[in-house]
Amino acid sequence: MQYAKPVRSTLPTNNKLSRSQCPKSKAEKVEMNKIPYASAVGNLIYTIVCTQPDIEYAVGVVNRFMSNLGREHWVAVKWILRYLKGTSSVCLRFGSGKPLLEGYTDSDVSADVDTNRSTSGYVMTYAGEVVSWQSRMHKAVALSTTEAEYMAATKADKEIIWMKEFIGELGIRQEEFRL
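Residue positions are given per chain, counted from 1 along the sequence in the order it is written. For this predicted model, a pLDDT threshold of at least 70 governs which residues receive local features, and a threshold of 80 or more governs which side-chain atom pairs are given and counted, while totals over whole chains, interfaces and linings are taken from all residues. Each side-chain value is derived from all of the structure's non-hydrogen atoms; neither hydrogens nor water enter the calculation.

Describing helix H4 (residues 71-86)
Rules: Counting from the N terminus, the helices are the DSSP runs of H or I reaching at least four residues and the strands are the DSSP runs of E reaching at least two. Multiplying 1.5 Å by the helix residue count minus one yields the expected span of that helix. Each residue is assigned to one of three classes by its accessible area relative to the maximum for its type, calculated with a 1.4 Å probe on protein chains only: buried under 20%, partly exposed between the two thresholds, exposed over 50%. Residue contacts are counted whenever heavy atoms from the two residues lie within 4.5 Å of one another.
Given a rise of 1.5 Å per residue, 16 residues ought to cover 22 Å, and the 23 Å separating the end C-alpha atoms of H4 matches this to within 8%. Among the residues of H4, His 73, Trp 74, Ala 76, Val 77, Ile 80, Tyr 83 and Leu 84 are the ones counted as buried. Of the surrounding elements, those touching the buried residues of H4 are helix H1 (26-33), helix H2 (37-50) and helix H3 (56-63).

As structure tokens, this is what we get:
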């Protein structure tokens, strides 16, 4: 990846990954078994936890194909690595922003092409800096955009209430919070 060209997005927008892109023949499977896919995805998961929460959704998508990867899945992993190369100088730091707990949430209806399940996520900030995040596929299929957004908002509500209580236990009084 030393000479790879950096990209601006975590996943290519023109190609949705699915099970239909998995190898069909025995020869393809043997060839794909030579690729260090599990190692690369494992390193990306470590990167999420330590320094780059912005790639959580993309890594969650490529993680779905750990046991049966296709060429397009490997291309997506390399795309994420190219994104990381372009953002290597970006860092998280705590500033002197107003000590306010804020939450942001969104949902992608029927994001998984194979199961039609939605993916939702949230980001919690305190004093303008990220302190908690999550991106996860829903356990149930949402029947509408409204239902998917409602399920995402419910998870974010639970997290922001927990965060408010946690900050209170640290002795910091939080008068208001925003979601």
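Some thoughts on the pattern of salt bridges
For clarity, the cut-off: A side-chain nitrogen of Lys or Arg and a carboxyl oxygen of Asp or Glu constitute a salt bridge if their distance falls within 4 Å.
A complete count under the given rule lists three salt bridges for this structure. Residue Glu 31 pairs with Arg 71 through a salt bridge whose shortest N-O separation is 2.3 Å. With Glu 31 in helix H1 and Arg 71 in helix H4, the pair connects residues that are 40 residues apart, well separated along the chain. A salt bridge links Glu 102 to Arg 178, with the nearest nitrogen and oxygen atoms 3.2 Å apart.

Side note on the nonpolar core
The following threshold applies: Put simply, buried Ala, Val, Leu, Ile, Met, Phe, Trp, Tyr and Cys residues joined by side-chain atoms within 4.5 Å make one nonpolar core.
Ranked by internal contacts, the top residues of the largest apolar core, which has 24 residues, are Tyr 37, Ile 55, Val 62, Trp 74, Val 77 and Ile 80. If you tally residues by element for this core, the top one is H4, at six residues.

Remarks on the environment of Pro 6
Here Pro 6 is to be found in the segment before H1. The exposure class of Pro 6 is partly exposed, given its relative accessible area of 42%. Sequence-wise, Pro 6 and Leu 84 are 78 residues apart; in three dimensions their C-alpha atoms are separated by 7.7 Å. If we ignore the near neighbours within four places in the chain, the residues touching Pro 6 are Arg 82, Lys 85 and Gly 86.

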